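Here is how the chains run, residue by residue.
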Amino acid sequence: MELVDLRSDTVTRPTDGMRRAMAEAEVGDDVYGEDPTGNALEERVAALLGHEAGLFVPSGSLGNQLGVRVLVPAGGELLCDRLAHVVRAELGGHAVLGGVTTRTWTAPRGRLDPEAVIAMAAPDAGPYLVSTRAVAVEDTHNFGGGTVQDLAAMQALRAWADASGVALHLDGARLWNAHVATGTPLAELGALFDTVSVCLSKGLGAPVGSVLVASRERIAEARVWRKRYGAGMRQIGVLAAAGLHALDHHVERLADDHARARRLAEALAAVRPDVVDPADVETNIVVLDLARGPSAPALAAAARERGVLVSVLGTHVARLVTHLDVGDPGIELAAGVLGELVQEPGPTAA
Ligand SMILES: *Cc1c(COP(=O)(O)O)cnc(C)c1O
């Protein structure tokens, strides 16, 4: 049975064209700074995002780790929302490896409210309290359901950051999706932050890789930490070539993923309007609220039997993510299967 895998956009496999680009990549030793394809990717992503320099890293978690690392000294504080990937899905790395403490704000759907951030920040807390050194923003917001951050909200945060001396990190794992959904130039988004991490291995379909961008000075420091963490890599050109290919071929097509996510949400809302509001689907992520009906684990297990894979984010929360490897027939199949399953009465149904 052909599976329709909607668990994540990380499950994409490299296309034939991407594999050819990888096979033909010019390579060298990147620890010596001699991998031409890796260097080209770093320069291209830095320029795209309005920054001076870039650093190829094997994962988005390491991109965030290094981005925060160069902004927040040990014992300093990072603020982020309570659903942020940096505090929820990086296994405490910022605390364990960087000595960073965190405080979180509550953000419905992960949406940035600059006033709430500014109210809780303590840029210069003196000798007894922890000082806020950076704020992390996530765009699009993963656990918020693919939420696109409001440009004016990020601009307001930037203005405050300039005045207060607090730095800003952007977890832009899916910044490509935000760019395609809004049309806001990547450079305009990227330039609002001091460090930006973007993933090549989500919707863009590369097998491995993220890029951190920042000033030349900060990237030089991040390069040292990357090696110290054991992620100094050698012939990265085979991986970087996949990223370059993805930038050439897989950015604009994210609009297709967004349209398919919306269609899936509309199909499910047509049978169970309480499960999802299609208006909440801004990009390629659909979050199902299963407060009534089958639990998320029950839905996921039943869907798997019928060839559709979904993520369980909580007892009553399931997540569907559209991507390069799911076309229209897959979406029709998933809409049919999930549409039937969400109608089944669950243990909490009257
Ligand atoms: C996927 C993701 C990351 C990084 O994930 P890796 O699996 O470490 O590459 C970071 N932030 C967000 C919001 C993500 O969705």
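Above this note sits the structure.
First things first, this report covers the structure right here in the doc. (Residues numbered from 1 in each chain as written. Predicted model: local features only at pLDDT ≥ 70, side-chain atom pairs only at ≥ 80, totals over all residues. Heavy atoms only, no water.)

Looking at the overall build of the protein
The helix and strand tally for the protein stands at 14 helices and 12 strands. Compactness check: the protein gives a C-alpha radius of gyration of 21 Å against a globular reference of 20 Å for 350 residues, within 12% of the reference. Principal axes of the C-alpha set define a box for the protein whose edges measure 60 × 55 × 35 Å. Put simply, of all contacts in the protein between residues at least 6 apart along the chain, 76% involve residues at least 24 apart. When the accessible surface of the protein is totalled, it reaches about 14,200 Å², and 52% of it is carbon and sulfur. Both charge centroids of the protein, one from 31 positive and one from 44 negative side chains, sit 4 Å from each other. (Helix = DSSP H or I, 4+ residues; strand = E, 2+ residues; numbered from the N terminus. Rg over C-alpha atoms; globule rule 2.2 N^0.38 Å. Contact = heavy atoms within 4.5 Å. Areas by Shrake-Rupley, 256 points an atom, 1.4 Å probe, with all protein chains shown as cover. Lys, Arg positive; Asp, Glu negative; His and termini not counted. Charge placed at Lys NZ, Arg CZ, Asp CG, Glu CD.)

Thoughts on the side chain of Asp-30
Within the secondary structure layout, Asp-30 lies in the loop between helix 1 (16-23) and helix 2 (36-48). According to the relative accessible area criterion, Asp-30 is buried, its value standing at 2%. Engagement of the side chain of Asp-30 in a polar contact is seen with the side chain of Arg-226, the distance being 3.0 Å. Apart from residues lying up to four places away in sequence, Asp-30 is in contact with Asp-35, Asn-39, Arg-223, Arg-226, Met-233, Arg-234 and Ile-236. (Buried < 20%, exposed > 50% of the residue type's maximum accessible area, 1.4 Å probe, protein only. Polar contact = N/O pair within 3.5 Å; in protein donor to acceptor, adjacent residues only side chain to side chain.)

What about the sheet that holds strand 3 (residues 77-81)?
Here we have seven strands laid out as an open sheet, ordered 2-8-7-6-5-3-4, and mixed in their pairing. The open sheet has two free edges, formed respectively by strand 2 (53-57) and strand 4 (101-105), since each of these has just one partner strand. Neighbouring strand axes in the sheet, compared pairwise and without regard to direction, differ in orientation by 20 degrees on average. Where strand 3 lies against strand 4, five bridges are found, and the strand directions are parallel. By the bridge assignment, Cys-80 is partnered in strand 4 with Thr-104. (Pairing = 2+ DSSP bridges. Axes fitted to C-alpha atoms, helices over the stretch in contact; angles between N-to-C directions.)

Observations concerning the site of the ligand
Near the ligand the following residues occur: Ser-59, Gly-60, Ser-61, Asn-64, His-85, Glu-138, Asn-142, Asp-171, Ala-173, Arg-174 and Lys-202. A distance of 2.8 Å separates an oxygen atom of the ligand from a polar backbone atom of Gly-60. Compared with its free state, where it exposes 380 Å², the ligand has 83% of that area covered by protein. In terms of residues, the shell around the ligand owes the most to one element, helix 3 (residues 60-69), which gives three residues. (Near = heavy atom within 4 Å.)

Structural notes on the sheet that holds strand 9 (residues 285-289)
Taken in spatial order, the three strands line up as 9-12-11 in an open sheet, and their pairing is antiparallel. The open sheet is flanked by strand 9 and strand 11 (311-314), the only strands paired with a single partner. Strand-to-strand twist in this sheet, taken as the mean axis angle between neighbours without regard to direction, amounts to 30 degrees. Sheet topology note: the strand 11/strand 12 (residues 317-321) ladder contains three bridges and is antiparallel. Residue pairing for strand 12: Gly-314 is matched across the bridge by Val-317. Sheet strands in contact with helix 12 (residues 254-271) are strand 9 and strand 12, and its direction is about 20 degrees off that of strand 9.

Topic: empty space enclosed by the protein
Take a probe with the size of a water molecule and roll it over the atoms, and the empty space left behind shows itself. The full count for this structure, using the stated rule, is one cavity of 30 Å³ or more. Computed from the structure, the largest cavity encloses a volume of approximately 40 Å³. A breakdown of the residues in the lining of the largest cavity according to their chemical character gives five nonpolar, three polar and three charged. (1 Å grid on protein atoms, 1.4 Å probe; cavity = no way out; pocket = protein on both sides within 12 Å on 5 of 7 lines; lining within 4 Å. Points joined across faces, edges and corners; volume = space filled by probe spheres on them. Nonpolar A, V, L, I, M, F, W, Y, C, P; charged D, E, K, R; others polar.)

Quick look at the pairing of strand 3
With five of five residues buried, strand 3 lies mostly within the body of the structure. Of the two faces of strand 3, the one lined by Glu-77, Leu-79 and Asp-81 and the one lined by Leu-78 and Cys-80 are each fully buried. One ladder, built from three bridges, connects strand 3 with strand 5 (residues 132-138); its direction is parallel. Bridged to Glu-77 within strand 5 is Thr-132.

Observations regarding helix 14 (residues 328-341)
Taking 1.5 Å of rise per residue, the 14 residues of helix 14 would be expected to cover 20 Å, and the 20 Å separating its terminal C-alpha atoms lies within 8% of that figure. All buried positions along helix 14 are accounted for by Gly-330, Ile-331, Ala-334, Ala-335, Val-337, Leu-338, Gly-339 and Leu-341. On its buried face, helix 14 sits against strand 1 (4-5), helix 12, helix 13 (296-305), strand 10 (308-309) and strand 12. (Expected span 1.5 Å × (residues − 1).)

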